[in-house]
Amino acid sequence: MSNNTFNVLWKTTQKELEELAAKDYENQALEPDFNRSTVHKTVFELYVKYITIANRLEQIYDEMVQPQKRILIKKLLDSCLGRVIEIKHDLVGIDMFEFNYNDSVMSALNLTPIDIELRIPKYFRRERETEINERRRFIDSLLKKFGWLEEEFVEEKLTELEAIKIIQMHERARQGRLRAQFMKEIRMLKEKGKPDGVKEKTDGLLAAMKIQKLWRGFATRRKTRRRKLEEMYLIGMIPRPNDKKNVPNEETENALKSRYEVQEEFQKAYTETVKTMREDISTKQTVPLTEEITDEIRVWFRDYFTRTGKFPDFPSEDNGGSRHLLSRQATESDISRSSAVSSRDSKKTKDKPKTPTKSGDLNVEESFDNGFKTSQSIFLPDIKTGIDEYNEVWREKDESTNAKQTYYADMLYAEKFNEIESELRKVIDEMMRQELEMLQAALDKDRAQKGKKSKKASKKTRRSGKKSKKKKEKDLTPDRTTESLFEELVANGIIKKYPEISLNSFLGDRSLCERSGINPTPGDIRQVMTEYCILPLGSDTIRNFAPCIRSILIAGPKGSGKKSLVYAMCNEVGGILFDLTPANIVGKYPGKSGLIMLMHLVTKVSRLLQPSVIFMDDAEKPFMKKVPKGDRTDPKRLKKDLPKLIKNIAAEDKVIFIGTSSAPWEADQKLFQQTYNRFIYIPRPDYGTLSFVWKELLGQYSGIHSQFDAGAIAKVSDGYTIGSVVGCIKDVLTCKRNLQLRVQPLTHLELINALSSRDPVYKEEEEAFTNWWSKTPLGRRKQRAIEMEIEVQQEKELGKKDKKKGGK
């Protein structure tokens, strides 16, 4: 698409965002509502609209080339994504389910489930591509050094002419071998037939006619089949084979690459201009600006003293400093001690956030008794600021002279001039505060000499607030570099290399209709993992201000894709994976001191190399009431340290703890819920998901016919996990079998035989998962809400019966 297309798309998106933000502000001003259905409809509509706008902003930011516009678009994108997460937490509190649906809203907005699937911003990886690649190469070099990774020999790429020559050589050799075999057979036949005499020529003619007959029949049938297929394709009775659907269009891919190159070129030019322009302004404008600001402040001091007979209060830095002076000319004050007081007040309020970050821990109960009111958003003011900036700067800007969409030098100069002026003003303000104190001291001394009472400057005002008593964590490795700590953890197998898979490899669509919150589709699970894990790990803004989730447990049957989700999550943000699985740390860092060192190293390195994912498989084992006799992994070793490790993850740290479990009911639920903030249950796939997965996976093999009945095998495989399906296909379609597909087509019986050797998800196991989920914080809250609704309904029915009796 052209630059103008993205400008028009941005303009329409900004208009919709402005309308949505105004509606969002109106909803926050409403009184609490006690009707869950109306509240859910209102909040879900906001949720869906913010997702569609965020998806468009992501596309605009990814492909727009103008560097100054991209700065604003990125702020708006992060703010919209943060608002999506805030609304998601409100929806979870309303529905008491991690997965939320509302068909009436979707129908009213003319949206499909695919439209509201949240896109992961590409800039999470693109802007850190160099760092991610260097880190991966470093891990590979360490693994090769320890002998745990075989060196890969990169073959030189052949030219097209060389490849053709090799193919010709092999083909001529094959034909030569065939000719030699035919000649050998002919010679043997001649030798066998010599004693009996020469056969009649008619035998050879009959044989040739028979061969011709068979070949012509085969060729005709093949042509007929092809014509029939082409006719069916033409009238749309059957879809065309999708062997190449995963291969992107070359023209689109090349156009995107060229845009990325232009984008990088413009960004580089913008960055260099920023540096040179800042240096130029600093060298040329610092002295005049300093004199101008100091003269202005001193004149104000003098005028104020002449008018009131005393010196003014100097505003603190948080209150605007000298910029706020002109609005404070009429301030009444006795003797100025404001410099110390304002500094003290500034220290008190400096580190406090405007709005506290909401916790994502569901163990904290939220009651609906007082009705539901939309929580105050931290991101909505940022969205409004971005909208105002767009309206002031970009909405009516004439860009006819900048068709290439390079940076605007005049805007850049004004921006950097204001930045330098603000930085310089802070320094000057501090100097003027000291000068004001000196003037005040001289005035006090003069009044004392004249016998006037002078109020002594209170020493209390100069005292700073109480020092924080929060103990700093003791650094057990103060003299070691990050690289040495990283190398040690890789050597001990704590930091692991994970497969490069995307979140889309977790196959399955979003739910096409409203369903129970404990029976999500793979697409719904992808969405929740994106909202809870990927977005906070990928963006500093979202992590700092969105509701903080420190730990998540993913539960589901074996083969349901729990580990794949963790690997995909790490890959989408380019994070580091720390593996604290009990079986992985056996014999490593022994003893109490070793365990302390392990926890320290994981905490320290995960913070230094953010984003990081701390992973534990078999997450129920540290909290089991009784460890099986045959288990030698000592799983309870981390029982006391895991809650501390998770608690020490600060809200601003892009670190998350992920546990996976195939038997969560075996753990002590009280300790389990104190450790994990959220619980995600992956159920066995339904028929629609299985049908999609079978068709998708089998479609990757070119030898399998497009008309292979995936629905039938999906019905037979009901009860099996997607992992079982993947393993079954790998067992059947070996390299040898793949080569035979064109001659010997794949049958359902082969897949069924391979599938029968695997265990399905039995009814007892599924019931155990359902019972376990009912004991989680959300499950308990949902059960209480259902019981209360039943009680209210019974009271209404009793009231109706009493009225009927009274009437009689």
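Read on for an overview of the structure. (Residues numbered from 1 in each chain as written. Predicted model: local features only at pLDDT ≥ 70, side-chain atom pairs only at ≥ 80, totals over all residues. Heavy atoms only, no water.)

## Things to note about the overall build of the protein
Operational definition: Elements are defined by DSSP. Helices are runs of H or I of four residues or more, strands are runs of E of two residues or more, and each kind is numbered from the N terminus. Residue burial is assigned from relative accessible area. The probe radius is 1.4 Å, only protein chains are included, and a residue is buried under 20% of its type maximum, exposed over 50%, and partly exposed in between.
Across its full length, the protein holds 26 helices and six strands. The buried share of the protein, taken over its 808 residues, is 41%.

## Here we look at the packing of aromatic side chains
Rule in force here: Aromatic contacts are taken between Phe, Tyr and Trp rings whose centres are within 6.5 Å, Trp giving its six-membered ring; a plane angle under 30 degrees counts as stacked, one over 60 as edge-to-face, and the others as tilted.
For the structure on display, the rule yields 20 aromatic pairs. Aromatic side chains Tyr61 and Tyr123 sit 5.5 Å apart centroid to centroid with 80° between the ring planes, which places their arrangement in the edge-to-face category. Of this pair, Tyr61 sits in helix α2 (residues 36–63) while Tyr123 sits in helix α5 (residues 123–126), and the two are 62 residues apart along the sequence. Exposure remark for Tyr123: the relative accessible area of 7% places this residue in the buried category. Here the aromatic rings of Phe97 and Trp773 are separated by 5.6 Å at their centres, their planes lie at 20°, and the arrangement is stacked. Of this pair, Phe97 sits in the loop between α3 (67–95) and α4 (103–108) while Trp773 is found in helix α25 (residues 763–773), placing the two residues 676 residues apart along the sequence. Side by side, Phe97 and Trp773 carry an identical accessibility label, which is buried. In textbook terms, an aromatic cluster arises when at least three aromatic residues are bridged by ring pairs, as seen for Phe623, Phe657, Phe672, Tyr676, Phe679 and Trp772.

## Notes on the sheet that holds strand β2 (residues 551–555)
Where strands meet in a sheet, backbone hydrogen bonds hold them as pairs that are either parallel or antiparallel. Stated formally: At least two bridges found by DSSP between two strands are what make those strands a pair. Any two residues having at least one pair of non-hydrogen atoms within 4.5 Å are treated as being in contact. Lines fitted to C-alpha atoms define the axes, with helix axes restricted to the stretch in contact, and inter-axis angles between N-to-C directions lie between 0 and 180 degrees.
The strand order across the open sheet built from six strands is β1-β3-β4-β5-β2-β6, with neighbouring strands paired in mixed fashion. The sheet is open, and its two edges are formed by β1 (495–496) and β6 (678–681), each paired on a single side. Note: β2 against β6, four bridges, orientation parallel. Opposite Ile554, over in β6, you have Ile680 as the bridge partner. Sheet strands in contact with helix α14 (residues 522–538) are β2, β4 (612–616), β5 (655–661) and β6, and its direction is about 145° off that of β5.

## Concerning the packing of α2 against helix α9 (residues 250–308)
Inclusion rule: When describing relative orientation, an angle under 35 degrees is termed roughly parallel and one over 145 degrees roughly antiparallel, while 65 to 115 degrees is termed roughly perpendicular and anything else oblique. Ten residue types, Ala, Val, Leu, Ile, Met, Phe, Trp, Tyr, Cys and Pro, are classed as nonpolar, four, Asp, Glu, Lys and Arg, as charged, and the remainder, Gly among them, as polar.
Close contact between α2 and α9 brings their axes to 9 Å; oriented N to C, the two are set at 70°. Considering the angle they form, α2 stands roughly perpendicular to α9. Contacts from Tyr61, Asp62 and Glu63 of α2 reach α9 at Leu256, Arg259, Tyr260 and Gln263. When grouped by side-chain class, the residues that make up the contact of α2 with α9 number three nonpolar, one polar and three charged.

## Topic: the packing of α9 against helix α12 (residues 409–449)
To keep it simple, the criterion reads: By definition, any crossing whose near helix is turned counterclockwise from its far helix by less than a right angle is left-handed, and any crossing with a clockwise turn is right-handed.
Here α9 crosses α12 at 35°, and the two axes come no closer than 6 Å. Read as a crossing pair, α9 and α12 show a hand that is right-handed. Taken together, the residues of the contact of α9 with α12 sort by class into 20 nonpolar, six polar and ten charged.

## Observations concerning the pairing of β2
For β2, the tally of buried residues reaches five of five residues, placing the bulk of the element in the interior. On β2, burial covers both faces: Ser551, Leu553 and Ala555 on one face and Ile552 and Ile554 on the other are all buried. The sheet contact formed by β2 and β5 spans five bridges and is parallel. Each residue of the ladder has a partner; that of Ser551, found in β5, is Phe657.

## Observations regarding unusual backbone geometry
Note the cis peptide between Gln610 and Pro611, where omega equals -5°. Relative to the elements of secondary structure, Pro611 occurs in the loop between α17 (591–608) and β4. Although it is not a glycine, Gln405 adopts a positive phi angle of roughly 65°. With respect to the element layout, Gln405 can be found in the loop between α11 (380–394) and α12. Given the relative accessible area of 4%, Gln405 is considered buried. Despite not being glycine, Tyr589 shows a phi value in the positive range, around 50°.

## Focus on a nonpolar patch on the surface
Spelled out, the test is: Here the term patch refers to residues with relative accessible area over 30% and no salt bridge, with like charges joined within 9 Å and nonpolar side chains (Val, Leu, Ile, Met, Phe, Trp, Tyr) within 5 Å. Computed with the Shrake-Rupley method and a 1.4 Å probe, the accessible areas treat only the protein chains shown as cover for residues. Here, a salt bridge means any side-chain nitrogen of Lys or Arg that lies within 4 Å of a carboxyl oxygen of Asp or Glu.
On the surface, a cluster of nonpolar side chains totalling about 370 Å² of accessible area is made up of Leu178, Phe182, Met183 and Ile186. Within the secondary structure layout, Ile186 lies in helix α7 (residues 160–193). When its relative accessible area of 40% is taken as the criterion, Ile186 is described as partly exposed.

## Examining a negative patch on the surface
The following threshold applies: In this tally, Lys and Arg are treated as positive and Asp and Glu as negative; His is ignored, and so are the chain termini. Here the site of a charge means NZ on Lys, CZ on Arg, CG on Asp, or CD on Glu.
Judged by side-chain charge, Glu291, Glu292, Asp295 and Glu296 come together as a negatively charged surface patch. Relative to the assigned elements, Asp295 resides in helix α9. A residue is classified by how much of its surface remains accessible, and Asp295, at 43% relative accessible area, is partly exposed.

## Observations concerning helix α22 (residues 722–732)
Among all positions of α22, only Ile722, Ser724, Val725, Gly727, Cys728, Ile729 and Val732 are buried. Those residues of α22 hidden inside the fold are in contact with α20 (687–698), α23 (735–739) and α24 (748–756).

## Focus: the environment of Leu698
Here Leu698 shows up in helix α20. Look at Leu698 and you get buried, because its relative accessible area is 4%. Through-space distance from the C-alpha of Leu698 to that of Ala710 is 8.6 Å; in sequence the pair is twelve residues apart. Ignoring sequence-local partners within four residues, the contact set of Leu698 consists of Ile704, Phe708, Ile729, Leu733, Leu746 and Leu751.

## Let's talk about the pairing of strand β3 (residues 576–579)
Applied cut-off: A clockwise path from the first strand over the helix to the second, with the strands pointing away from the viewer, defines a right-handed crossover.
Of the two faces of β3, the one holding Ile576 and Phe578 and the one holding Leu577 and Asp579 are both buried throughout. As judged from the two bridges shared by β1 and β3, these two strands associate in the antiparallel manner. Bridge pairing in β3 links Ile495 to Phe578. Taken together, β3, α17 and β4 form a β-α-β motif whose crossover is right-handed.

## Some points on the state of the cysteines
Stated formally: In this description, the term disulfide denotes a pair of cysteine sulfurs within 2.5 Å.
Applying the stated rule across the entire model yields zero disulfides. Counting only cysteine sulfurs, Cys570 is the nearest neighbor of Cys533, a cysteine outside any disulfide, at a range of 9.7 Å. A relative accessible area of 0% means that Cys533 is categorised as buried.

## Some thoughts on the pattern of salt bridges
All told, the structure shown has 41 salt bridges when counted by the stated rule. Of the charged contacts in the structure, one is a salt bridge between Arg56 and Glu16, with a shortest N-O distance of 2.5 Å. One end of the pair, Arg56, is in helix α2; the other, Glu16, is in helix α1 (residues 3–28), with 40 residues separating them in the sequence. You can call Glu16 partly exposed: its relative accessible area is 34%. As a salt-bridge pair, Arg128 and Glu131 come within 3.4 Å of each other at their nearest N and O atoms. Within this structure, Arg278, Lys416, Glu419 and Glu423 form a network of salt bridges that share partners.

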